[in-house]
Amino acid sequence: MHPFAAAFADAWSAPTPERLVALLHPDVTLLQPHLPPVRGRDAAHAELQRLLRWMPDLHGEVDRACGNDAVVFIEWRMKRTRNTRPGIRAVDRFLLDGDLGTERRVWFDQFALLAEMMRAPHIVPGFFRYRFGRRAR
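All of the points below concern the structure found in this document.

Cut-off values and rules
Residues numbered from 1 in each chain as written. Predicted model: local features only at pLDDT ≥ 70, side-chain atom pairs only at ≥ 80, totals over all residues. Heavy atoms only, no water. Salt bridge = Lys/Arg side-chain N within 4 Å of Asp/Glu carboxyl O. Buried < 20%, exposed > 50% of the residue type's maximum accessible area, 1.4 Å probe, protein only. Helix = DSSP H or I, 4+ residues; strand = E, 2+ residues; numbered from the N terminus. Pairing = 2+ DSSP bridges. Contact = heavy atoms within 4.5 Å. Axes fitted to C-alpha atoms, helices over the stretch in contact; angles between N-to-C directions. Polar contact = N/O pair within 3.5 Å; in protein donor to acceptor, adjacent residues only side chain to side chain.

Some remarks on the pattern of salt bridges
Turning to step 1, where the next piece is worked out: A complete count under the given rule lists nine salt bridges for this structure.
Turning to step 2, where the next piece is worked out: We note a salt bridge from arginine 19 to aspartate 10, for which the minimum N-O separation is 2.8 Å.
Turning to step 3, where the next piece is worked out: For arginine 19, a relative accessible area of 29% puts it in the partly exposed group.
Turning to step 4, where the next piece is worked out: Residue aspartate 10 is classed as partly exposed on the basis of its relative accessible area of 45%.
Turning to step 5, where the next piece is worked out: Residues aspartate 63 and arginine 89 are paired through a salt bridge, measuring 3.2 Å at the closest nitrogen-oxygen approach. Of this pair, aspartate 63 sits in strand β3 (residues 58–67) while arginine 89 sits in strand β5 (residues 88–97), and the two are 26 residues apart along the sequence.
Turning to step 6, where the next piece is worked out: Given a relative accessible area of 28%, aspartate 63 falls into the partly exposed group.
Turning to step 7, where the next piece is worked out: Through salt bridges that share partners, Glu61, Asp63, Arg77, Lys79 and Arg89 make up one connected network.

Here's the deal with the sheet that holds strand β6 (residues 100–108)
Backbone-to-backbone hydrogen bonds join strands into a sheet, with any given pair of strands oriented parallel or antiparallel.
Turning to step 1, where the next piece is worked out: Read across the open sheet, the six strands follow the order β2-β1-β6-β5-β4-β3; overall the sheet is mixed. Among the strands making up the open sheet, the edge pair consists of β2 (38–39) and β3.
Turning to step 2, where the next piece is worked out: Set on the sheet, helix α1 (residues 3–13) makes contact with β3, β4 (71–80), β5 and β6; between it and β3 the angle comes to about 170°.
Turning to step 3, where the next piece is worked out: Together, β1 (24–31), β2, β3 and β6 form the strand contacts of helix α3 (residues 41–54), whose direction differs from that of β1 by roughly 55°.

Examining the side chain of aspartate 92
Turning to step 1, where the next piece is worked out: Topologically, aspartate 92 is positioned in strand β5.
Turning to step 2, where the next piece is worked out: Residue classification places aspartate 92 among the buried positions, given a relative accessible area of 1%.
Turning to step 3, where the next piece is worked out: Reaching out from aspartate 92, the side chain makes a polar contact with the side chain of arginine 104 at a distance of 2.9 Å.
Turning to step 4, where the next piece is worked out: Among all residues touching aspartate 92, those that are not within four sequence positions of it are Phe8, Val72, Phe73, Ile74, Trp76, Arg104, Arg105 and Val106.

Without other data, these values stay purely geometric and don't point to any function.
Set out below in structure tokens:
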């Protein structure tokens, strides 16, 4: 496995904002569907705090990865600890500068996230706080 993907898998096995931002360049840009870009390591840290506050039992499992010194693609699943379902499949593409990500773009099926919330309605209020609450600039 590519070294960056291995570090990603390790960080997502027991995620904290600190472990996850350690993978990122200080001038990183994070891009994901239907949300404004997150720019900079401090903003990324704040965004990850918000995400893990909403779903504190969230973790990730990497299925496969490929890449080179400039770009890495990681296919993985976002899962909740108490959930036995396969998880929400995602693909992250990282542009790299050395061993740090300078840009991350993620693709995932947003309907899978909606279905997960319909199966666990107690997480819906937190989703609205996460999705529509105040974001770091």
